[in-house]
Amino acid sequence: MASFTAHYRNARISAQKVRLLANLVRGMYADEALDTLKFQPQRGARMLEKCIKSAIGNAQDPDQNDGRSHRIEELVLTDVRIDGGPMLKRIRPRARGTAFMIKKRSSHIHVGLTPIDEV
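Calculation criteria
Residues numbered from 1 in each chain as written. Predicted model: local features only at pLDDT ≥ 70, side-chain atom pairs only at ≥ 80, totals over all residues. Heavy atoms only, no water. UniProt positions renumbered as here; feature names shortened; annotations may be inferred. Helix = DSSP H or I, 4+ residues; strand = E, 2+ residues; numbered from the N terminus. Expected span 1.5 Å × (residues − 1). Buried < 20%, exposed > 50% of the residue type's maximum accessible area, 1.4 Å probe, protein only. Contact = heavy atoms within 4.5 Å. Pairing = 2+ DSSP bridges. Axes fitted to C-alpha atoms, helices over the stretch in contact; angles between N-to-C directions. Salt bridge = Lys/Arg side-chain N within 4 Å of Asp/Glu carboxyl O.

An unreviewed UniProt entry lists the protein chain under the name Large ribosomal subunit protein uL22, with Novipirellula caenicola as the source organism. Per UniProt, the protein chain carries the Subunit (unreviewed entry) text "Part of the 50S ribosomal subunit." Recorded under Sequence similarities (unreviewed entry), the UniProt text for the protein chain is reproduced unchanged: "Belongs to the universal ribosomal protein uL22 family."

Here is the structure:
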């Protein structure tokens with residue numbers, strides 16, 4: 001299981017769009033994943049990048065890790081999950097007095113890092 005985690009909850013993007021990027025970087029080293037996401041044009045790449053940077057910061061904080069700080073080169077993305085979040089439901093008026101439901105989807109992004117020596 002991942003030792004260092006970070007969560008981005010209620011991200012205003014569909015989970016389906018971010019899952020494509022999560023599948024791309026799952027299992028990579030943390031620095032490689034950041035380099036890969038930097039060159040992706042999708043908006044979800046920025047959100048996933050932000051969450052990975054937060055998990056790296058948690059791994060490098062000696063106050064959280066019994067006085068130990070981990071280098072970015074020795075961290076592997078072991079747990080990258082994208083779950084669906086709450087939906088904002090809006091109504092769009094349509095022809096002849098009917099209405100269609102518009103679902104503005106959100107997602108929860110979970111990232112877990114594990115040092116190489118624990119993998």
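## Let's talk about helix α3 (residues 43-60)
With 18 residues, α3 extends 27 Å from end C-alpha to end C-alpha; this agrees with the ideal 26 Å at 1.5 Å per step. Taken as a whole, α3 has its buried residues at Gly 44, Ala 45, Met 47, Leu 48, Glu 49, Cys 51, Ile 52, Ala 55, Ile 56, Asn 58 and Ala 59. The secondary structure elements touched by the buried residues of α3 are β1 (4-11), α1 (15-25), α2 (30-38), β2 (75-84) and β5 (107-115).

## With respect to the sheet that holds β2
The antiparallel open sheet is built from three strands, whose spatial order is β1-β5-β2. At either margin of the open sheet sits one strand with a lone partner, and together these are β1 and β2. Strand-to-strand, the axes of this sheet are offset by a mean angle of 15°, without reference to chain direction. In the sheet, β2 pairs with β5 via nine bridges, with the strands oriented antiparallel.

## Notes on the pattern of salt bridges
Following the criterion strictly, the structure yields five salt bridges and no others. Arg 81 is the partner of Asp 79 in a salt bridge, and the nearest nitrogen-oxygen pair spans 3.4 Å. By relative accessible area, which is 15% here, Asp 79 ends up buried. The exposure class assigned to Arg 81 is partly exposed, which follows from its relative accessible area of 36%. Residue Asp 83 pairs with Arg 81 through a salt bridge whose shortest N-O separation is 3.3 Å.

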